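Listed below, chain by chain, are the residues.
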Amino acid sequence: MAVIAYGVSCALPLFFLAWVGPLIRQSSKDGVTLTDWILQRYGVVCQMFISLVSIAYMLVSMSAELTAIGNVVGWLTDAHRLVVIISVACVTAVYTTIGGLQASLFTDQVQGYMVTSLLVVVCTVCATTVTIDPKSVESHSELLSWQEAGWASWIILCISNVSANFFHEGYWQRVWSAQDVPTLRRACFVGGVLLFVVVSLSGVPGLLAIWANKNINEDGSNTIFTILLDTPMWTIVICLILAVTMNCSAVDSCQNGLVAALSRDVFRGRVSIHLCRLVSMLVNVPAVIIAVQGYNVLQLL
């Protein structure tokens, strides 16, 4: 139940954008980010407040993404988490500084193909290598039952995900970068449905890992990867490449969102976009420091 709730909560922000995005875009035709509309509607004080909240959220979000990829590499290899965290932060910072939003949009397309490939690999591995223990299924029967905690997760996850992503400038940049309103709505609806399917399917290996008596963390964050540990090395290598690619796509969206917030809200167009991109690179430093600590991703968010 919680798996489905998380899938719905991840898709809701896109459905929200399909409804609200065109209205705000129409109201602020010369805008680039949400705060442009807030400045026009509520004034500079409110704009600065929302901008600070947005910058803080994107910093935390980027830290969570870097933490996640550090955890994944740590679970599947002997590599130090610091190496991969710094590598992802530096690579994404370089190509977003050079390519800007266009580079981020390109990696979003690549991410779509990568997610599909990763799901095919994981589903194939689950179907061919995982052995379900009937006794474990019976002892963990609560995982498939309707419980109060499951209903609570629907409310908490849906409200928190929509509210949090409201402050993600990476989302709002795409509202104005869309070719037209029909394209925006179509992209949001299709993306939302696909995101629901991907997130929901990604949660299934977690259930299988528990039923197969795999050695999982207390918070369950490594469930899907415990299955991969029993697979051939080439499978792990493919999944690592796909995971890093998807992570880069999420990190560069945060970095581009930070550039937009700095350019439009902090410096108000008084400095070049290239300087804003360089300043945004400095934000990678605290994000990397936080990520290296290995905090729980959900606690960060």
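Now for a description of the structure that goes with this document. (Residues numbered from 1 in each chain as written. Predicted model: local features only at pLDDT ≥ 70, side-chain atom pairs only at ≥ 80, totals over all residues. Heavy atoms only, no water.)

## Looking at the overall build of the chain
Just so we agree on the cut-off: Secondary structure elements follow DSSP: runs of H or I of four or more residues count as helices, runs of E of two or more count as strands, with numbering from the N terminus. In this description the radius of gyration comes from C-alpha coordinates, and the expected globular size is given by 2.2 Å times residues to the power 0.38. For accessible areas, the Shrake-Rupley method is used with a probe of radius 1.4 Å. Any residue's cover is judged against the shown protein chains and nothing else. Only four residue types enter the tally: Lys and Arg on the positive side, Asp and Glu on the negative side; His and the chain ends are excluded. All charge positions are set by atom: Lys at NZ, Arg at CZ, Asp at CG, Glu at CD.
Of regular secondary structure, the chain possesses 12 helices and 0 strands. Walking the chain from its N terminus toward its C terminus, one meets helices and strands in the order α-α-α-α-α-α-α-α-α-α-α-α. A compact globule built from 301 residues should have a C-alpha radius of gyration of about 19 Å, and the chain, at 20 Å, falls within 12% of that. Along the first, second and third principal axes, the C-alpha atoms of the chain reach 65 × 40 × 30 Å. Accessible surface computed for the chain: about 15400 Å², of which carbon and sulfur atoms make up 69%. The average position of the 13 basic charges and that of the 16 acidic charges among the side chains of the chain differ by 15 Å.

## Quick notes on the packing of helix H3 (residues 44-76) against helix H10 (residues 233-266)
The cut-off we apply is this: All axes here are fitted lines through C-alpha atoms, helices being fitted over the stretch that makes contact, and every angle between N-to-C directions spans 0 to 180 degrees. An angle below 35 degrees is treated as roughly parallel, one above 145 as roughly antiparallel, one from 65 to 115 as roughly perpendicular, and anything else as oblique. Handedness of a crossing follows from how the near helix is turned relative to the far one, being left-handed for an anticlockwise turn of less than a right angle and right-handed for a clockwise one.
One way to put it is that H3 packs onto H10 with a least axis distance of 10 Å and a crossing angle of 165°. By the criterion of interaxial angle, the relationship of H3 to H10 is roughly antiparallel. Two packed elements cross with a definite hand, and for H3 against H10 that hand is left-handed.

## A closer look at the side chain of Asn256
Put simply, the rule is: Throughout, a residue-residue contact means that at least one pair of heavy atoms, one from each residue, lies within 4.5 Å.
Relative to the assigned elements, Asn256 resides in helix H10. Leave out the neighbours within four places in its chain, and Asn256 touches Thr96, Gly100, Leu101, Ser104 and Gln173.

## Some details on helix H4 (residues 81-129)
Since one α-helical turn is 3.6 residues long, residues separated by three or four positions face the same way. Keep this limit in mind: Take the number of residues in a helix, subtract one, and multiply by 1.5 Å to get its expected span. To get the bend at a residue, fit one axis to the 7 residues ending there and another to the 7 starting there, then take the angle between the axes.
Here H4 is 49 residues long, yet its end C-alpha atoms lie only 28 Å apart, well below the 72 Å a rise of 1.5 Å per residue gives. Along its length, H4 shows its largest kink, about 120°, at Gly99.

## Description of the nonpolar core
One recurring pattern in soluble globular proteins: nonpolar side chains tend to sit buried together. Counted only if it meets this: To form a nonpolar core, buried Ala, Val, Leu, Ile, Met, Phe, Trp, Tyr and Cys residues must be joined to one another through side-chain atoms within 4.5 Å. Exposure classes here rest on a 1.4 Å probe applied to the protein chains alone. A residue is buried below 20% of its type maximum, exposed above 50%, and partly exposed in between.
Formed by 43 residues in total, the largest nonpolar core has its most connected members in Met62, Leu66, Leu76, Val88 and Ile227. Among the elements of the structure, H3, H4, helix H8 (181-211), helix H9 (223-228), H10 and helix H11 (273-292) are those that each provide at least two residues to this core. Setting aside chain neighbours within four positions, we find Met62 in contact with Val251, Cys254, Gln255, Leu258, Val283, Asn284 and Ala287. One finds Ile24, Ile38, Ala178 and Leu184 within the second-largest nonpolar core, a separate group that totals 14 residues.

## Describing the packing of aromatic side chains
Basically, it comes down to this: Each pair of aromatic rings taken from Phe, Tyr and Trp, with Trp reduced to its six-membered ring, is defined by centres within 6.5 Å and is described as stacked if the planes are under 30 degrees apart, edge-to-face if over 60, and tilted in the remaining cases.
Applying the stated criterion to the full structure yields 6 aromatic pairs. For the pair Phe16 and Phe166, a centre-to-centre distance of 6.0 Å together with 65° between the ring planes defines the contact as edge-to-face. Within this pair, whereas Phe16 is found in helix H1 (residues 2-27), its partner Phe166 is found in the loop between helix H6 (148-165) and helix H7 (169-177), the two being separated by 150 residues in sequence. Residue class for Phe166 comes out partly exposed when judged on its relative accessible area of 26%. Seen in terms of ring centroids, Trp37 and Tyr42 are 5.9 Å apart; in terms of plane orientation they differ by 85°. Their pairing is edge-to-face. Judged by its relative accessible area of 14%, Trp37 falls in the buried class. In textbook terms, an aromatic cluster arises when at least three aromatic residues are bridged by ring pairs, as seen for Phe16, Trp19, Phe166, Phe167 and Trp172.

## What to know about the state of the cysteines
Defined as follows: The disulfide criterion is simple: two cysteine sulfur atoms within 2.5 Å.
Applying the stated criterion across every chain, the model contains 0 disulfides. With no disulfide partner, Cys10 has as its closest neighbouring cysteine sulfur the one in Cys158, 9.3 Å distant. Unpaired in this structure, Cys254 has its nearest cysteine sulfur neighbour in Cys248, at a distance of 12 Å.

## Digging into the side chain of Glu169
Of note, Glu169 is situated in helix H7. You can call Glu169 buried: its relative accessible area is 2%. In contact with Glu169, not counting residues within four places along its chain, are Thr33, Leu34, Thr35, Ser54, Met58, Gly257, Ala261 and Asp265.

## A word on a nonpolar patch on the surface
The following threshold applies: Patch members must show over 30% relative accessible area and no salt bridge, and they are joined within 9 Å when carrying like charges or within 5 Å when they are nonpolar side chains of Val, Leu, Ile, Met, Phe, Trp or Tyr. Definition used for salt bridges: Asp or Glu carboxyl oxygen within 4 Å of a side-chain nitrogen of Lys or Arg.
Together, Val193, Val197, Leu201 and Val204 give the surface a local cluster of nonpolar side chains, amounting to about 280 Å² of exposed area. Looking at the element boundaries, Val204 is found in helix H8.

## Section: the environment of Val175
Along the chain, the position of Val175 falls in helix H7. Val175 sits in the buried class, given a relative accessible area of 0%. Considered as a pair, Val175 and Thr33 are 142 residues apart in the sequence and their alpha carbons are 8.3 Å apart. For Val175, the residues in contact, after removing those within four places along its chain, are Leu17, Gly21, Arg25 and Leu184.

## Considerations on the packing of helix H2 (residues 34-42) against H3
The line we're drawing: Each residue is assigned to one of three groups, with Ala, Val, Leu, Ile, Met, Phe, Trp, Tyr, Cys and Pro labelled nonpolar, Asp, Glu, Lys and Arg labelled charged, and all others, Gly among them, labelled polar.
Two elements in contact, H2 and H3, have axes separated by 7 Å at closest approach and are oriented at 155°. As the angle between them shows, H2 and H3 are arranged roughly antiparallel. Considering how the two elements wind past one another, H2 and H3 form a crossing that is right-handed. Across from Thr35, Ile38, Leu39 and Tyr42 in H2, the residues of H3 making contact are Val44, Cys46, Gln47, Ile50 and Ser51. Residue composition of the contact of H2 with H3, by class: 6 nonpolar, 3 polar and no charged.

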